Amino acid sequence: LLSCRLYCEEAKDPKRRSCQTVLAEALDIIIRSFAPILPHLAEEVFQYIPYKKDSEGVFRTGWINASSAWKKPGIEEAIEGACAMRESFLGSISGKNSLEYEVIIVIEPGLLFELME
């Protein structure tokens, strides 16, 4: 689905643009997260981001800037609840390596939109 949105949709399609926005935010957070540990790598990656127009380095532009959408009440509790369910399930597996299992928690779109509003 991700590759279809990126490579098959038209350039101005909202689906493609939203996918690009998510990937850009994820890359920005990853770069800023490992910058204190790997400063030269972080600077090099930051210099080659095609959509960044400023010439300042990763250290001059500040720390992670989270979107205000993530600061809505209820989202943190929903994510913590989903993680707790996953951990509970993996903890209930006795005698087996829980790393062999992949657990995915799916939140209904209606509930997610309610939390974001």
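Nothing here was measured: the structure is a model prediction, and the numbers come from that model.

Thresholds, definitions, all that
- Residues numbered from 1 in each chain as written.
- Predicted model: local features only at pLDDT ≥ 70, side-chain atom pairs only at ≥ 80, totals over all residues.
- Heavy atoms only, no water.
- Helix = DSSP H or I, 4+ residues; strand = E, 2+ residues; numbered from the N terminus.
- Contact = heavy atoms within 4.5 Å.
- Core = buried A, V, L, I, M, F, W, Y, C linked by side-chain atoms within 4.5 Å.
- Buried < 20%, exposed > 50% of the residue type's maximum accessible area, 1.4 Å probe, protein only.
- Expected span 1.5 Å × (residues − 1).
- Arc of directions from axis to C-beta.
- Polar contact = N/O pair within 3.5 Å; in protein donor to acceptor, adjacent residues only side chain to side chain.

A.B. asks: Got a minute to help me understand the overall build of the protein in this structure?
C.D. replies: In terms of regular secondary structure, the protein is built from 5 helices and 0 strands. Starting at the N terminus and ending at the C terminus, the protein contains elements arranged as α-α-α-α-α. For the protein, long-range pairs separated by at least 24 residues make up 32% of all intrachain contacts whose partners lie at least 6 apart in sequence.

A.B. asks: Before we go on, may I ask you to explain the environment of Pro36 in this structure?
C.D. replies: Examined against the element boundaries, Pro36 turns out to sit in the loop between helix H2 (14-34) and helix H3 (39-47). Residues Pro36 and Phe59 lie 23 residues apart in sequence; the distance between their C-alpha atoms is 8.9 Å. Those residues in contact with Pro36 that sit more than four places away from it in its chain are Phe59 and Trp63.

A.B. asks: What's the story with the environment of Leu41 in this structure? I'm lost.
C.D. replies: If you trace the backbone, Leu41 turns up in helix H3. As for Leu41 and Ile31, which are separated by 10 residues in sequence, their C-alpha atoms are 8.7 Å apart.

A.B. asks: It is not clear to me how the nonpolar core should be interpreted in this structure. Could you clarify?
C.D. replies: Generally speaking, a soluble globular protein has its nonpolar side chains buried in company with each other. Within the largest apolar cluster, 6 residues are counted, these being Ile31, Ala35, Ala42, Phe46, Ile49 and Val58. When sequence neighbours within four positions are dropped, the list of residues in contact with Ile31 reads Ala42, Val45, Phe46, Ile49 and Val58.

A.B. asks: Would you take a moment to explain helix H4 (residues 75-91) for this structure?
C.D. replies: One turn of the α-helix equals 3.6 residues, which is why residues spaced by three or four share an orientation. Along its 17 residues, H4 runs 24 Å from first to last C-alpha, staying within 8% of the 24 Å computed at 1.5 Å per residue. Considered for burial, the residues of H4 that qualify are Ile75, Ala82 and Leu90. Each buried residue of H4 sits inside an arc of 75° when the element is viewed along its axis, so together they form one side. Along H4, the residues that are exposed and aim more than 90 degrees away from the buried face are Glu76, Glu77, Ser88 and Gly91.

A.B. asks: Would you mind going over the side chain of Arg32 with me for this structure?
C.D. replies: Secondary-structure assignment places Arg32 in helix H2. Look at Arg32 and you get buried, because its relative accessible area is 4%. A distance of 3.0 Å separates polar atoms of two side chains, one belonging to Arg32 and the other to Asp28. Apart from the residues lying within four places of it in its own chain, the contact partners of Arg32 are Phe46, Lys52, Val58, Thr61, Gly62, Trp63 and Ile64.

Coordinates in, geometry out; function isn't part of it.
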